[in-house]
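# Remarks on the overall topology
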Amino acid sequence: MTITLLPALAAAFIIVLTRIGTMVMLLPGIGENTLPARIRLSLALLLTLIMLPGVRPLLPIDVNKPGSLVALLGSEFIIGLMLGMTARFAFSALQVAGVAIAQQLGLAYAMTIDPGQGGQAVVVSNFLTILAMTLILVTDLHHLSLAAIYDSYRALPPGQLPATGDMAEMLVRATASAFSIGVQIAAPILVFSVVFNLGLGILSKLMPQIQVFFVAQPAAIILGVIILIGVLGVMMNVFLGSMERVLSTLLSG
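Values in this document were obtained by computation on a predicted structure and should not be read as measured data. (Residues numbered from 1 in each chain as written. Predicted model: local features only at pLDDT ≥ 70, side-chain atom pairs only at ≥ 80, totals over all residues. Heavy atoms only, no water.)

This part takes up the overall build of the protein. Along its length, the protein carries eight helices and two strands. Along the chain direction, N to C, the helices and strands of the protein fall in the order α-α-α-α-β-β-α-α-α-α. Against the 2.2 N^0.38 benchmark of 18 Å for 253 residues, the protein shows a C-alpha radius of gyration of 23 Å, more extended than a compact globule. Each of the three principal axes of the protein carries a C-alpha extent, and together these read 90 × 35 × 25 Å. (Helix = DSSP H or I, 4+ residues; strand = E, 2+ residues; numbered from the N terminus. Rg over C-alpha atoms; globule rule 2.2 N^0.38 Å.)

This part covers helix α4 (residues 93–105). An ideal rise of 1.5 Å per residue puts 18 Å on 13 residues; α4 measures up with 18 Å between its terminal C-alpha atoms. Among the residues of α4, Ala93, Leu94, Ala97, Gly98, Ala100, Ile101, Ala102 and Leu105 are the ones counted as buried. In the segment just after α4, glycine 106 is the residue with positive phi, at about 80°. (Expected span 1.5 Å × (residues − 1). Buried < 20%, exposed > 50% of the residue type's maximum accessible area, 1.4 Å probe, protein only.)

Right, let's talk about the nonpolar core for a bit. Grouped together as the largest cluster of nonpolar side chains are 60 residues, with contacts concentrated most on Ile20, Phe91, Leu94, Ile101, Leu128, Ile149 and Phe239. When contributions to this core are tallied by element, the ones reaching two or more residues are α1 (6–24), α2 (37–55), α3 (66–91), α4, α5 (123–138), α6 (141–155), α7 (164–206) and α8 (212–252). Considering each element in turn, this core owes the most residues, 12 residues, to α8. Among residues more than four places away in sequence, those in contact with leucine 128 are Leu94, Ala97, Gly98, Ile101, Leu232, Met235 and Met236. (Core = buried A, V, L, I, M, F, W, Y, C linked by side-chain atoms within 4.5 Å. Contact = heavy atoms within 4.5 Å.)

Moving on: the packing of aromatic side chains. On inspection of all chains with the given rule, the structure shows two aromatic pairs. Residues phenylalanine 91 and phenylalanine 239 carry aromatic rings whose centres are separated by 5.7 Å and whose planes lie at 70° to one another, so their mutual orientation is edge-to-face. Taken as a pair, phenylalanine 91 in helix α3 and phenylalanine 239 in helix α8 lie far apart in primary sequence, 148 residues in all. Like phenylalanine 239, phenylalanine 91 is buried. Seen from the ring of tyrosine 153, arginine 19 lies directly overhead, with NZ or CZ sitting 4.1 Å from the centre. (Phe/Tyr/Trp six-rings, centres within 6.5 Å; stacked < 30°, edge-to-face > 60°. Lys NZ or Arg CZ within 6 Å of the ring centre and 35° of its normal.)

In total, this model carries three salt bridges according to the counting rule given. Where arginine 19 meets glutamate 76, a salt bridge forms, and the shortest distance between an N and an O atom there is 2.9 Å. Here glutamate 76 lies in helix α3 and arginine 19 lies in helix α1, a separation of 57 residues in the sequence. For arginine 19, a relative accessible area of 0% translates into the label buried. (Salt bridge = Lys/Arg side-chain N within 4 Å of Asp/Glu carboxyl O.)

Moving on to the packing of α2 against α6. It is at 11 Å that the axes of α2 and α6 come closest, and there the two elements cross at 30°. Judged on the interaxial angle alone, α6 and α2 are roughly parallel. Judged by the sense of rotation from one axis to the other, the crossing of α2 with α6 is right-handed. When α2 is examined against α6, the residues Leu47, Met51, Gly54 and Val55 are found in contact with a partner set consisting of Leu146, Ile149, Tyr150 and Tyr153. (Axes fitted to C-alpha atoms, helices over the stretch in contact; angles between N-to-C directions. Parallel < 35°, antiparallel > 145°, perpendicular 65-115°, else oblique. Left-handed = near helix turned anticlockwise from the far one by under 90°.)

Further remarks concern a nonpolar patch on the surface. On the surface, Leu198, Ile202, Leu203, Leu206 and Met207 cluster together into a nonpolar patch covering about 480 Å² of accessible area. In this fold, leucine 203 is placed in helix α7. (Patch = residues over 30% accessible without salt bridge, like charges linked within 9 Å, V, L, I, M, F, W, Y side chains within 5 Å. Areas by Shrake-Rupley, 256 points an atom, 1.4 Å probe, with all protein chains shown as cover.)

So, on to the environment of serine 92. Looking at the secondary structure, you find serine 92 in the loop between α3 and α4. Here the alpha-carbon distance between serine 92 and serine 125, two residues 33 residues apart in the chain, equals 9.6 Å. Polar contacts involving the side chain of serine 92 include one to the main-chain carbonyl oxygen of phenylalanine 89, which spans 2.5 Å. (Polar contact = N/O pair within 3.5 Å; in protein donor to acceptor, adjacent residues only side chain to side chain.)

Right, here's the structure in full:
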């Protein structure tokens with residue numbers, strides 16, 4: 001390698017880092033805010049160094065055309081953002097499920113700091129999020145995330161930005177799927193809530209002298225938590241299956 005190769009090599013490194021860094025900051029398991037920014041940046045730099053030899057032949061780099069380099073840099077950022085957001089939307093199904101469960105159990109006002117995104121969220125969502133991040137690492141789903149980063153160059157080569165309509169459709173489908181999976185995860189608690197409230201309505205008609213509200217709230221929380229513990233394994237299996245499908249979709253392009 002001579003000194004004349006350095007500008008092209010440096011440009012290739014920055015362009016590859018743009019897509020990989022954007023995806024690393026968004027992918028579930030490896031892009032959580034609980035990980036310090038320096039660790040995520042170090043991971044992005046390490047992955048760039050590992051993938052650069054295989055990706056560099058795909059890069060249409062011309063150091064004599066700065067405008068084309070800027071355009072290529074922008075397209076790589078957009079591709080990384082689109083793919084990362086698709087996986088992040090799938091992960092947000094737990095937020096949908098947590099809010100639905102908390103509302104049915106009367107825990108909607110129990111707010112704590114979201115360990116994944118840093119804002120406030122209901123305590124049930126935070127519990128499901130922490131559990132999901134642990135399961136993603138334990139079941140090696142983060143390996144699929146890393147493989148998706150590399151395979152994204154095969155599905156979306158550098159310099160070939162997808163059509164705006166295709167990107168919008170992909171993100172809309174990811175958002176719809178997140179709501180669908182969130183409702184499926186919360187379905188046992190939703191069914192319990194319907195049956196429980198129906199029973200309370202019948203009880204209030206049969207025995208109007210009973211203060212149903214004072215009995216219902218503690219009973220809903222206790223029974224709901226027991227049911228949640230009982231079906232937690234099934235709920236997490238549904239979530240992990242949806243995450244695996246999303247990451248496999250990114251792998252297959």
